[in-house]
Amino acid sequence: MPAPRKYPLELRERAVRMYRTAEPKPVIRRMAEELGVHHEALRNWIRQAEADAGERDDLLTTAEREELAALRKENAQLKRANEVLRTASAFSRPSSTRPGPGDGAR
């Protein structure tokens, strides 16, 4: 379960919309103080909105972040499953399809 958000999503969306529609662009630190949020939080929200809009190439979009998180989770589950199978196979008896000593196969 993800950690609870410090700021409501509505505040985040409104703050980003206010910044993006303002001309000239306001100073982020001053705008953050007026909204009662940390300036780095506001700066990150704006950067993420720009990435989602295709205006930035240096950040993953929200959809890409979600896909990456899902793939990492699936990868961890598969690694755990492989470890369980590897451990179980070490305790299982030898297969009856392989010729062994005394089977008459030479």
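Structure shown above.
Bear in mind the structure is a predicted one, so any value in this text is a computation, not a measurement. (Residues numbered from 1 in each chain as written. Predicted model: local features only at pLDDT ≥ 70, side-chain atom pairs only at ≥ 80, totals over all residues. Heavy atoms only, no water.)

*Asks:* Help me out: how do you make sense of the packing of helix α1 (residues 9–21) against helix α2 (residues 28–35) in this one?
*Replies:* The axes of two packed helices give the description: the angle between them and the distance between them. Packing of α1 against α2 brings their axes to within 12 Å, and their N-to-C directions diverge by 140 degrees. In this view, α1 runs oblique relative to α2, as classed from their interaxial angle. Once α1 is placed against α2, the crossing between them reads as right-handed. Residues R14, A15, M18 and Y19 of α1 touch α2, and the partners they reach there are I28, M31 and L35. (Axes fitted to C-alpha atoms, helices over the stretch in contact; angles between N-to-C directions. Helix = DSSP H or I, 4+ residues; strand = E, 2+ residues; numbered from the N terminus. Parallel < 35°, antiparallel > 145°, perpendicular 65-115°, else oblique. Left-handed = near helix turned anticlockwise from the far one by under 90°. Contact = heavy atoms within 4.5 Å.)

*Asks:* Just checking my understanding: could you explain α1 for this structure?
*Replies:* Residues lying three or four places apart along an α-helix face the same way, a consequence of the helix completing one turn every 3.6 residues. Taking 1.5 Å per residue, 13 residues should reach 18 Å; α1 reaches 18 Å between its end C-alpha atoms and fits that length. Burial in α1 covers these residues: L11, A15, V16 and Y19. All buried residues of α1 lie within an arc of 125 degrees about the axis, which places them on one face of the element. Those residues of α1 that are exposed and aimed more than 90 degrees away from the buried face are E10, E13, R17 and T21. Among the structural elements, α2 and α3 (39–52) are those in contact with the buried residues of α1. (Expected span 1.5 Å × (residues − 1). Buried < 20%, exposed > 50% of the residue type's maximum accessible area, 1.4 Å probe, protein only. Arc of directions from axis to C-beta.)

*Asks:* Where do I start with the nonpolar core in this structure?
*Replies:* In summary, soluble globular proteins display a tendency toward joint burial of nonpolar side chains. Y7, V37, L42 and W45 are the most contacted members of the largest nonpolar core, which totals 15 residues. Looking at this core, the elements that each hand over two or more residues are α1, α2 and α3. Of the residues forming this core, the biggest block, 5 residues, is contributed by α3. The contact partners of Y7, leaving out residues within four places of it in the chain, are G36, V37, H38, A41 and W45. (Core = buried A, V, L, I, M, F, W, Y, C linked by side-chain atoms within 4.5 Å.)

*Asks:* Looking at this model, I keep getting lost on the packing of aromatic side chains. Mind explaining?
*Replies:* To describe a pair of aromatic rings, you give the distance between the ring centres and the angle between the ring planes. Scanning the entire structure with this criterion turns up 1 aromatic pair. On the basis of an interplanar angle of 85 degrees and a centroid distance of 5.5 Å, the ring pair of Y7 and W45 is categorised as edge-to-face. One end of the pair, Y7, is in the segment before α1; the other, W45, is in helix α3, with 38 residues separating them in the sequence. There is no split in this pair, since Y7 and W45 are both buried. Geometry around Y19 places K25 over its ring, the cationic atom sitting 5.5 Å from the centre. (Phe/Tyr/Trp six-rings, centres within 6.5 Å; stacked < 30°, edge-to-face > 60°. Lys NZ or Arg CZ within 6 Å of the ring centre and 35° of its normal.)

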